[in-house]
Structures are given as structure tokens and as C-alpha cells.
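Secondary and tertiary structure notes
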Amino acid sequence: MLGLHEDEESAHSLLEMRSQIAPWMDGRRETYSAVLAPFRHKGEVNFLNRESPGAVFGNLAEPAAPEAPLVVITSAGWKVNASLDMKRVEKFGAGVAGVRIGMTAVDGLHSQQTFSFPGRLTVDPVTVTFWRDDAAVRTFSYGPGGHRRQMDIMRAEDLADRTSFTRFRVLHSAGSWYGGDPQRW
């Protein structure tokens, strides 16, 4: 589950009350919960307002220490109306799938997920990646390789109406993800 909060106190409260809020998660072999603070955000999303997408984070936190683990959430969205060209969406999706397949051995990547929401494209789908440190994120994102190629194709062919990326510091966490604590990868 992903959630946006007005403030850090709200996020901490949800994390502390997670058993009452999501009782179906009790007894699971593995769960991980975290309070994240955005420190870099670029682009637009429609999470808060579907008719008027925009930035979601006003005040950003101090950047994570260079050697600290971090989480990156990216999104892409389209104007869902009668003129939506599904070939653009499909080509973008195929590029995302190709990048994700190529990520399995990326140095510094702990895990990757993609989430779509009820209503399919009416809420921008997101990818969530957990990283060892900022250097690993930068090498993957901006260095040579499949991700850089797909970003260039996406821009050149205008495959999405909006995109965003946000980097987050992990302020507090509980549990494990793929057998480990993301703050100690």
C-alpha cells in the first residue's frame, strides 16, 4: 500500500496503527512499512487531482546522506479521453517492461515493483524501487543502458502526457522486504 500524508506525524501514526488499519496483513510471512520523506521531486502526477495534474510535494526534506538507502517512485500518465492513442501507452508499457527485466542484476538495486490502481489509467501508475544509495540510482538512471535509451525514446516519441520521479529518505521502518531491512542493505 502506498499513501500520501499531509505531514510526517500522520505517516508515523499510520505506520504505528498498521495492524488496526490493515488487519489482513497480520500473520504474513513478510511485511515492510516505512515513513518516507521526499527530498527531490520533478514532474506532475494526478494522485491528488485527476482533472488538473501537478506537483504533489511542496516542502522537500533534506537530501539523504550519499551512502544512505533510498526509495524512488516514478510515474507516468495520460489524458484519458476519446483521443487517447493506446499505441503510445502500449509502447511506453513495453519499454517499462524491458527496463524492469534488465534491472535484475543492477548493482545497488534491492527491489522493484510496479503498481497500477483501480480505474487503470485514470490514476497514474507508479514504479517503486529500493536502492542502496544515491550513486546506484544515478548510475542506473542516467548512465548508458536500457533506462537511458527508454527515456530518450519516451521523450522523442512523446509516449506519455506527464511523468514524475521522486526520491525519498527512509525516516522510519518496520519489518523486512525480500528478507532484509532496506535501511541496512
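See the structure shown above.
Scope of this entry: the structure provided in the associated data block. Keep in mind that what you see is a predicted model, and the values were worked out from it rather than measured. (Residues numbered from 1 in each chain as written. Predicted model: local features only at pLDDT ≥ 70, side-chain atom pairs only at ≥ 80, totals over all residues. Heavy atoms only, no water.)

Focus on the overall build of the protein chain
When helices and strands are counted, the protein chain shows five helices and five strands. Going residue by residue from the N terminus, the α and β elements of the protein chain occur as α-α-β-β-α-β-β-α-α-β. Whereas a compact globule of 185 residues would reach a radius of gyration of roughly 16 Å, the protein chain reaches 17 Å, a difference of no more than 12%. With respect to the three principal axes, the spread of C-alpha positions in the protein chain is 45 × 35 × 35 Å. Burial statistics for the protein chain: of 185 residues in total, 37% are counted as buried. Residue pairs in contact within the protein chain that sit at least 24 positions apart in sequence constitute 70% of those at least 6 positions apart. Per element, the accessible surface of the protein chain, about 11300 Å² overall, is 53% carbon and sulfur. Taking the average location of the 21 positive side-chain charges in the protein chain and that of its 22 negative ones, the two points are 6 Å from each other. (Helix = DSSP H or I, 4+ residues; strand = E, 2+ residues; numbered from the N terminus. Rg over C-alpha atoms; globule rule 2.2 N^0.38 Å. Buried < 20%, exposed > 50% of the residue type's maximum accessible area, 1.4 Å probe, protein only. Contact = heavy atoms within 4.5 Å. Areas by Shrake-Rupley, 256 points an atom, 1.4 Å probe, with all protein chains shown as cover. Lys, Arg positive; Asp, Glu negative; His and termini not counted. Charge placed at Lys NZ, Arg CZ, Asp CG, Glu CD.)

With respect to the sheet that holds strand β5 (residues 162–175)
A sheet is described by the order of its strands in space; here five strands give the open sequence β1-β5-β2-β4-β3, paired in antiparallel fashion. Each edge of the open sheet is held by one strand with a lone partner, namely β1 (32–43) and β3 (109–115). In this sheet, adjacent strand axes meet at a mean angle of 20° when their direction is disregarded. Here β3 runs beside strand β4 (residues 126–131); their pairing, made up of six bridges, is antiparallel. Its bridge partner lying in β4, Q113 is registered against V128. (Pairing = 2+ DSSP bridges. Axes fitted to C-alpha atoms, helices over the stretch in contact; angles between N-to-C directions.)

Side note on the side chain of Q113
Structurally, Q113 is set in strand β3. A distance of 3.5 Å separates polar atoms of two side chains, one belonging to Q113 and the other to W177. The contacts of Q113, once residues within four sequence positions are left out, are R100, V126, T127, V128, F130, W177 and Y178. (Polar contact = N/O pair within 3.5 Å; in protein donor to acceptor, adjacent residues only side chain to side chain.)

Describing a negative patch on the surface
A surface patch of like charges, here negative, comprises E6, D7, E8 and E9. Mapped onto the secondary structure, D7 falls in the segment before α1 (8–16). (Patch = residues over 30% accessible without salt bridge, like charges linked within 9 Å, V, L, I, M, F, W, Y side chains within 5 Å. Salt bridge = Lys/Arg side-chain N within 4 Å of Asp/Glu carboxyl O.)

So, the environment of S75
Within the fold, S75 resides in strand β2 (residues 70–77). A residue is classified by how much of its surface remains accessible, and S75, at 8% relative accessible area, is buried. Residues S75 and Q113, spaced 38 residues apart in sequence, show a C-alpha to C-alpha distance of 12 Å. A polar contact is formed between the side chain of S75 and the side chain of S164, at a distance of 2.6 Å.

A short note on a nonpolar patch on the surface
On the surface, a nonpolar cluster with roughly 380 Å² of combined accessible area is contributed by M1, W24 and M25. The topology assignment puts M1 in the segment before α1. For M1, a relative accessible area of 73% gives the class exposed.

Coordinates in, geometry out; function isn't part of it.
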